[in-house]
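Chain by chain, the residues:
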Amino acid sequence: MTAGARSWWARRSLRLRLTTAAALVIAAGLASAAVLLVVWLRASLIQGLDTSALQRAEVVAADADTTPAGAEIPAADHGEVAIQIVDRTGTVVASSGNLRGRPRAFFFPASRSSTPRAHTVHGIPVGENGSWRAVGVPAGSAGNPVTVYVAVPTESVDQGLARLTAGLAVGTPAVVVLLTAVVWRLTGRALRPVEVLRAQTAEITASDLGRRLDVPPTADALARLARTLNDLLERLDTATRRQRRFIADAAHELRSPLSALRTRLDVAARHARSPETRALAVSLLRDGERLTRLVDDLLQLARLDDRPRIRTRPVDLDEIVFTAVREARHRTQLPVDQRAVGAARVVGDADALARVVRNLLDNAVRHARTQVTVSLHTQDAIARLVVADDGPGIPAADRERVFERFTRLDDARSRDTGGSGLGLAIVRDVVKAHHGRTLIEDNHPGARLVVLLPAQEP
C-alpha cells in the first residue's frame, strides 16, 4: 500500500470512527427520549383517566342516597363507563346500563383519603374485556353505607400509545440515518483543514524546512495548531541550518590542510632515504586520500541537505558511464564489463550524476571478487543503470540500511576496505533530487545496485 493510500485509509478510518461514535450517541439519545416520551405520555393519559373516573364517582356518590335499588345510572355523557353501587354486604344496589344484571365487578375497598387511588382492573364484562382504571369512593348514610365504583377503559390510551410506539420505531432509525449522514458530511468538512495541514506537513522534507504551513483564517484550535507547527519548523530550520553550515565550513576548512598534507606526504614518499620511511609515507598518503574523500563526501552531503541545486539540462548518461568506467579501470585490476551500456539521455546535473556513477563503481570494485558489470538502457521512459559485482552481496534485511549515512556491513564492508559509509547515501540523495529511485537486487552471487531515472523524451 502506498503512502497516499495509507493516508486516505487513515482519514476514512478516523472519519468512520467519529461518525460511528456520533451515530451511537444519537441513537442512544433518541431511543432514550422515545422511551421517556412514551412513559411520560402514558402516565399523563392514565392520570387523566383517573381524574375522569374520580369526578364521575363523586357525582354518583352525591346522589347515592336518592338512587333507588336496581336503578340504572346514566353514563352516556362520559362515554363507555362502568359504574356499580355496592352495599356493605357486597350486593350490587345500582349499576350503569352496560353492567345491568351483572354480578359485582369490583372488590377493592373504598379509599378514605381525600384523593382516592385508582386501580387497574381486568375482567369487566364490557366490550373486549380489556383493562380499566377504577376508583371506589364511600357514599350513603351512616346507617346505610355504600361504595360507588366507577371504571373507565384504557383501550383508547393503549391504542394511541401503540400507534405512537410504532411511529417512533419507524421514525427513530430514519432520523438516526439522517443525522448520521449530516454528521458524516460535517466530520468530512471539519477534517478537511486538518488534511490540508497534514498534506503540507508531509511535503516538507529535511532539505526544505524553509516552507511553512498555511494558517487558517479562523481563530480556533486548528489555527493555533498551525501556528505552533510553524514555530516548530522555524526552530528546526534554524538548528538544521546551523548544523549544516558548521559541517560545510568544517569540511571546506579541512580541504586546504589536507591538500598540503597530501602534497608533503607525496614528496616524502618520492624522496625518502630509507624503505621504511617510504612505506610509512605511502601508508599515510593512502590515509590522507581516504580522509580527503571523506571530507569531500561530507561537503557534498551538506550541500545536498541544504538546498539541492540540480542543474536541469539534457545529459548523455552513457557518456558519463563510459568516462567513469575508464577512471575505475585505472584504480583497479578487476575487469569492468561495459558492453551492456546503451544510449540514455536524462535531464539533470552532469557533475552530480557523474558522482553517482563513480560512487557505484567504487562500491562495486571494493567488494567484487573477479569482475564488475555495468549496464544501461532505456525502457518506458525510464533510464535503468545497473552496477553489479560478484562479491558477498547484501542481505535483504540490510538493503535499505546501506543507504543510510556511515553504514557498513560487517566483514565484507568494513572500514578496512576503504569505504566511508557515505557513498551510497550520496547516491540516493542525488538520485532522489533527480526524481529517481535506487534499489538493490540479487546478483547470485554479489549485489546489483540499480538506479532508475526519468529519461528525456527523444
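Preceding this paragraph is the structure being described.
Since the structure is predicted, the reported quantities are computational estimates derived from the model, not experimental observations. (Residues numbered from 1 in each chain as written. Predicted model: local features only at pLDDT ≥ 70, side-chain atom pairs only at ≥ 80, totals over all residues. Heavy atoms only, no water.)

1. Some points on the sheet that holds strand β12 (residues 437–442)
And step 1. Here we have 5 strands laid out as an open sheet, ordered β8-β10-β11-β13-β12, and mixed in their pairing. Of all strands in the sheet, those bounded by a partner on one side alone are β8 (336–341) and β12. Sheet twist, expressed as the average angle between the axes of neighbouring strands with direction ignored, equals 20°.
And step 2. As paired elements, β12 and strand β13 (residues 447–454) share 6 bridges and run antiparallel to each other. If you follow Thr 438 over to β13, its bridge partner there is Val 451. (Pairing = 2+ DSSP bridges. Helix = DSSP H or I, 4+ residues; strand = E, 2+ residues; numbered from the N terminus. Axes fitted to C-alpha atoms, helices over the stretch in contact; angles between N-to-C directions.)

2. What about the sheet that holds strand β1 (residues 72–73)?
And step 1. The 6 strands lie next to each other as β1-β3-β2-β6-β5-β4, forming an open sheet whose pairing is mixed. Two strands close off the open sheet at either side, each with one partner strand: β1 and β4 (119–121).
And step 2. In this sheet, strand β5 (residues 132–140) lies alongside β4 in antiparallel orientation, the contact comprising 3 bridges. If you follow His 119 over to β5, its bridge partner there is Ala 134.

3. Concerning the nonpolar core
Buried together is how nonpolar side chains tend to be arranged in soluble globular proteins.
And step 1. Val 321, Leu 360, Leu 361, Val 372, Val 374, Leu 385 and Val 451 are the most contacted members of the largest nonpolar core, which has 41 residues in total.
And step 2. In terms of residue count, the dominant contributor to this core is helix α6 (residues 350–367) (8 residues).
And step 3. With near-sequence residues (within four places) excluded, Val 321 lies in contact with Val 341, Val 357, Val 374, Leu 376 and Leu 385.
And step 4. Counting 23 residues, the second largest nonpolar core, distinct from the first, contains Ile 83, Val 148, Val 150 and Leu 161. (Core = buried A, V, L, I, M, F, W, Y, C linked by side-chain atoms within 4.5 Å. Buried < 20%, exposed > 50% of the residue type's maximum accessible area, 1.4 Å probe, protein only. Contact = heavy atoms within 4.5 Å.)

4. Comments concerning helix α5 (residues 317–331)
And step 1. For α5, spanning 15 residues, the distance from its first C-alpha to its last is 21 Å, which sits close to the expected 21 Å at 1.5 Å a residue.
And step 2. Taken together, the buried positions of α5 are Leu 317, Asp 318, Ile 320, Val 321, Ala 324, Val 325 and Ala 328. For α5, the angular spread of the buried residues around the axis is 150°, confining them to a single face. (Expected span 1.5 Å × (residues − 1). Arc of directions from axis to C-beta.)

5. Structural notes on the pattern of salt bridges
And step 1. Under the criterion given, the structure shown has 8 salt bridges.
And step 2. Residue Arg 212 is joined to Asp 237 by a salt bridge in which the shortest nitrogen-to-oxygen separation is 3.9 Å. Highlighted residues: Arg 212 in the loop between α2 (155–203) and α3 (221–270) and Asp 237 in helix α3, separated in sequence by 25 residues.
And step 3. Asp 237 sits in the buried class, given a relative accessible area of 9%.
And step 4. If you follow the salt bridges from partner to partner, you end up with Arg 212, Glu 234 and Asp 237 in one network. (Salt bridge = Lys/Arg side-chain N within 4 Å of Asp/Glu carboxyl O.)

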